[in-house]
Structure formats: structure tokens, C-alpha cells
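Fold and geometry: a report
Chain by chain, the residues:
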Amino acid sequence: MRSLPVTLKSLDVSLVLHMAERAMRPASRKRYLWLSKSADGWLYLISPLIVALAGTGAAAVQFFYLCGTAYAVERSLYWTIKNTTRRLRPPQAIPGMRSVIVAHDRFSLPSGHTSGAFLFITLLSQASSPLWLLGYFWAAGVGTSRVGLGVHFPTDVCAGAALGTSVGLLICGAFL
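Residues numbered from 1 in each chain as written. Predicted model: local features only at pLDDT ≥ 70, side-chain atom pairs only at ≥ 80, totals over all residues. Heavy atoms only, no water.

**Notes on the overall build of the chain**
- Along the backbone of the chain there are eight helices and zero strands.
- Starting at the N terminus, the α and β elements of the chain follow one another as α-α-α-α-α-α-α-α.
- Relative to its length of 176 residues, the chain is compact, with a C-alpha radius of gyration of 17 Å against a globular reference of 16 Å.
- Along the first, second and third principal axes, the C-alpha set of the chain runs to 65 × 35 × 30 Å.
- Counting all 176 residues of the chain, 44% fall into the buried class.
- Within the chain, residue pairs in contact and separated by at least 24 positions form 77% of the contacts whose partners lie at least 6 positions apart.
- As presented, the chain carries roughly 9900 Å² of accessible surface, and 68% of it is formed by carbon and sulfur atoms. (Helix = DSSP H or I, 4+ residues; strand = E, 2+ residues; numbered from the N terminus. Rg over C-alpha atoms; globule rule 2.2 N^0.38 Å. Buried < 20%, exposed > 50% of the residue type's maximum accessible area, 1.4 Å probe, protein only. Contact = heavy atoms within 4.5 Å. Areas by Shrake-Rupley, 256 points an atom, 1.4 Å probe, with all protein chains shown as cover.)

Spelled out as C-alpha cells, the structure:
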């Protein structure tokens, strides 16, 4: 019997199906939901307060401007890419698949939650302390949760991670 060549698309589909199956377990579902919700945006809004508590008010104001600029660039690129590629989400692209949650928009590439999380951690690690590099574990967990919840393919998450990190490094390079 011949084996079929593994393509990026077949790997994407098999990984999302495997992870979505794991999300049917209550503990995994709870963890995925928590991680996904942690990147809904509220954390980013209070981050200048965190920086102010750790340093000075001037640092918080600078971080606020840094974040505002970075998120304006990242969200513009994110929406442009998403609405240009128009990649269907797994439940629309894979017959019979059901996601754990319903996504807020139609298209999946790139993952906005993942992009935002990687941007946030990149900004914190560049502007504040290298210790924030440990936050990449959280950002990777956010991406993993989006696949496990069935709303993104793994390549959507990789694209989101690359977008968020790249914009963060670019903006920090220009500001700092």
C-alpha cells in the first residue's frame, strides 16, 4: 500500500482535528477557554498600569504610546491579511467539524489572538525586562488554545505569532 505524501494542508487538518478531539475533555476545554480569554484584549489595556507599578509614570506613558502605535500597525496588517487571504476557519473548511466556540469573524489567517499575545510579550520584553521573555510560553499557549478550540489551523497560529513578534520588534526598534 502506498503512503500519501504529507502536505502542509493535510498536516494542518490532522493537527486541528486531533487537538479539537482533546478539547472534548473537560480539563482541556477549560484550559483552552481560559488561555483564549486571557488574550481577549483586557490585559493589554491595563499593561501601562503594570509598567507604572514596576517603574515610573514616565515609563508607563512611554509604554502606552509604544503599545498604541504597535497595535495600530499590527491590527491594520492583521485585518488586511485576513481579508485578503480569506481562509475559511476549520469548521467551514473541514466537513463535519465543530468548534468549541464561535469565532467573531469569518476568516482564520492569521490568528488575531495569537498575534496580539506575541506582540504584547515582545513589547514587554523589549521595553521593560528580558524576564518577560517567559511570557512567550503564555503566548504559545494562546495559539495552541485557538487550534484546540477549533477556530484556527496551526498555520494560522504560526502566521499570527510571526506577525505579532515582527511588528513588536519593528516598533520597539523605532521607539527605543
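**Let's talk about unusual backbone geometry**
- Note that the residue after Leu-109, namely Pro-110, is joined by a cis bond; omega there is 0°.
- A positive phi angle, close to 50°, is found at Arg-86, a residue other than glycine.
- Among the secondary structure elements, Arg-86 is positioned in the loop between helix H4 (57-85) and helix H5 (90-93).

**Things to note about the packing of helix H6 (residues 112-127) against helix H7 (residues 135-148)**
- Contact pair H6 / H7: the axes reach a minimum separation of 9 Å and the direction vectors enclose 175°. Classified by the angle their axes make, H6 and H7 are roughly antiparallel. In this structure, H6 contributes His-113, Thr-114, Ala-117, Phe-118, Phe-120, Ile-121, Thr-122 and Ser-125 to the contact, and H7 contributes Gly-135, Tyr-136, Trp-138, Ala-139, Ala-140, Val-142, Gly-143 and Arg-146. (Axes fitted to C-alpha atoms, helices over the stretch in contact; angles between N-to-C directions. Parallel < 35°, antiparallel > 145°, perpendicular 65-115°, else oblique.)

**Some words on the pattern of salt bridges**
- Applying the stated rule across the entire model yields five salt bridges.
- Among the salt bridges present, the one from Arg-87 reaches Asp-12, with a minimum N-O distance of 2.7 Å. Remark: Asp-12 occurs in helix H1 (residues 8-22) and Arg-87 occurs in the loop between H4 and H5; sequence separation between them is 75 residues.
- Relative accessible area serves as the criterion here: at 3%, Asp-12 is assigned to the buried category.
- Asp-156 is paired through a salt bridge with Arg-87; the nearest N and O atoms lie 2.8 Å apart. Residue Asp-156 is found in helix H8 (residues 154-175), and its partner Arg-87 is found in the loop between H4 and H5; the two are separated by 69 residues along the sequence. (Salt bridge = Lys/Arg side-chain N within 4 Å of Asp/Glu carboxyl O.)

**Points about the packing of aromatic side chains**
- Following the criterion strictly, the structure yields six aromatic pairs and no others.
- Between the aromatic rings of Phe-120 and Trp-138, the centroid separation amounts to 6.3 Å while the plane-to-plane angle is 80°, which identifies the pairing as edge-to-face. Linking Phe-120 in helix H6 with Trp-138 in helix H7, this pair joins segments that are 18 residues apart in sequence. Taken as a pair, Phe-120 and Trp-138 share a single burial class, namely buried.
- Members of the aromatic cluster, each reached through a chain of ring pairs, are Tyr-44, Tyr-71, Phe-120 and Trp-138. (Phe/Tyr/Trp six-rings, centres within 6.5 Å; stacked < 30°, edge-to-face > 60°.)

**Structural notes on H7**
- For H7, with 14 residues, the first-to-last C-alpha span of 20 Å sits near the 20 Å given by 1.5 Å per residue.
- For H7, the buried fraction is high: 10 of the 14 residues fall into the buried class.
- Taken residue by residue, H7 has Gly-135, Trp-138, Ala-139, Gly-141, Val-142, Gly-143, Ser-145, Arg-146, Val-147 and Gly-148 as its buried positions.
- Positive backbone phi, at 85°, marks Gly-150, one or two positions downstream of H7. (Expected span 1.5 Å × (residues − 1).)

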